[in-house]
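# Topology and contacts: notes
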Amino acid sequence: RRDAVHERMKQSIAAGRLADAAELAEDMLAMEVEIYGELHEEVAGSHDWLANLYALLGDAERASDHAEKYAAYAGRFSDADDYHARWATWLTQYIDRVNRMSDDERKSMAEAYSLMRPALAGSEDAVSRWERVLEIYSGILPADDGELARARYFYAMTKRRLNDLAAAERLFAVSVPIYVR
C-alpha cells in the first residue's frame, strides 16, 4: 500500500500537482512511522520529500520542520562525511534558500522540480526536460550553485546514457567540481 501511495505521489509531482503530492507524502510518512518508527531511512526519505514539497509550496514552517526531522535521522551517524549527514546539511541550506525566494522564483523552482522527476527516471523527453530545468535554474541560481551543478550532473548522466559522450563530458566538466564539494 505504501509503495502505491509513493508511486501516486511521484506522478503528482510529475504532473505539477505539488499540493496533492504533499498530501500523499504525509500519508506515506504516517504508514512508515507506524511500521518502522521515527528513526528509519524510509521515514527520513519522506521527510526529505515533504521538506522539498512544502518549501516549493511556500510553507516555510512545515518545510523547515521536515528538514529538521531529516537532520535528526542524519544525526544518528557520527561521521560528518556520511551521505545522510551531508544531505541533511544540503537540504537545510536548500530549504532556507527556497524559503527566501519570491513567489515567482518559487513557482519556477516548482516547475523545475516537477520536470526533474520523470527526467531522472529516464523518460523519453528527458533531454528537453533537463534543458528546461537548466534554463529555469540559470535564471534564478548563481552559476556556482550546488543545485544547478546537480541538475547539470544528472543531465550529463542522461546524455551519457543516450551515448552523446561529448555533451556528457562538457556537462560533467562544469558540474562535478561544484557538485562534489
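Overview of the structure. (Residues numbered from 1 in each chain as written. Predicted model: local features only at pLDDT ≥ 70, side-chain atom pairs only at ≥ 80, totals over all residues. Heavy atoms only, no water.)

### Here we look at the packing of helix H3 (residues 41-57) against helix H5 (residues 83-99)
Filter applied, for reference: Axis definition: a line fitted to C-alpha atoms, over the contacting stretch in the case of helices. Angles run 0 to 180 degrees between N-to-C directions. The way it works is that DSSP assigns letters per residue, a run of H or I at least four long becomes a helix, a run of E at least two long becomes a strand, and they are numbered from the N terminus. For classification, angles of less than 35 degrees are called roughly parallel, those exceeding 145 degrees roughly antiparallel, those between 65 and 115 degrees roughly perpendicular, and all remaining angles oblique. Should the near helix be turned anticlockwise from the far one by less than a right angle, the crossing is termed left-handed; should it be turned clockwise, right-handed. Working rule for contacts: check all heavy atoms of both residues, and any pair within 4.5 Å makes them a contact.
Axis separation between H3 and H5 bottoms out at 9 Å; the angle between their running directions is 15°. Regarding the angle of H3 to H5, the classification is roughly parallel. Crossing angle aside, the handedness with which H3 passes H5 is left-handed. Contact residues: H3 offers Glu 41, Asp 48, Ala 51, Asn 52, Ala 55 and Leu 56, while H5 offers His 84, Trp 87, Leu 91, Tyr 94, Ile 95, Val 98 and Asn 99.

### Some thoughts on the packing of aromatic side chains
Aromatic rings in a pair are described by how distant their centres are and how their planes are angled relative to each other. Heads up, the rule is: Two rings from Phe, Tyr or Trp (for Trp, the six-membered ring) form a pair when their centres sit within 6.5 Å of each other. Planes less than 30 degrees apart are called stacked, planes more than 60 degrees apart edge-to-face, and all others tilted. Partly exposed residues are those whose accessible area sits between 20% and 50% of the maximum for their type, while under 20% is buried and over 50% is exposed, using a 1.4 Å probe and protein chains only.
Scanning all chains against the criterion turns up six aromatic pairs. Summarising the aromatic geometry, the rings of Tyr 153 and Phe 154 are spaced 5.5 Å apart at their centres and angled 80° between planes, so their arrangement reads as edge-to-face. The exposure class of Tyr 153 is partly exposed, given its relative accessible area of 23%. On the basis of relative accessibility, which here comes to 26%, the residue Phe 154 falls in the partly exposed class.

### Points about unusual backbone geometry
Located in the positive-phi region is Asn 163, a residue other than glycine, with phi close to 70°. Assignment of secondary structure puts Asn 163 in the loop between helix H8 (146-161) and helix H9 (165-179).

Without other data, these values stay purely geometric and don't point to any function.
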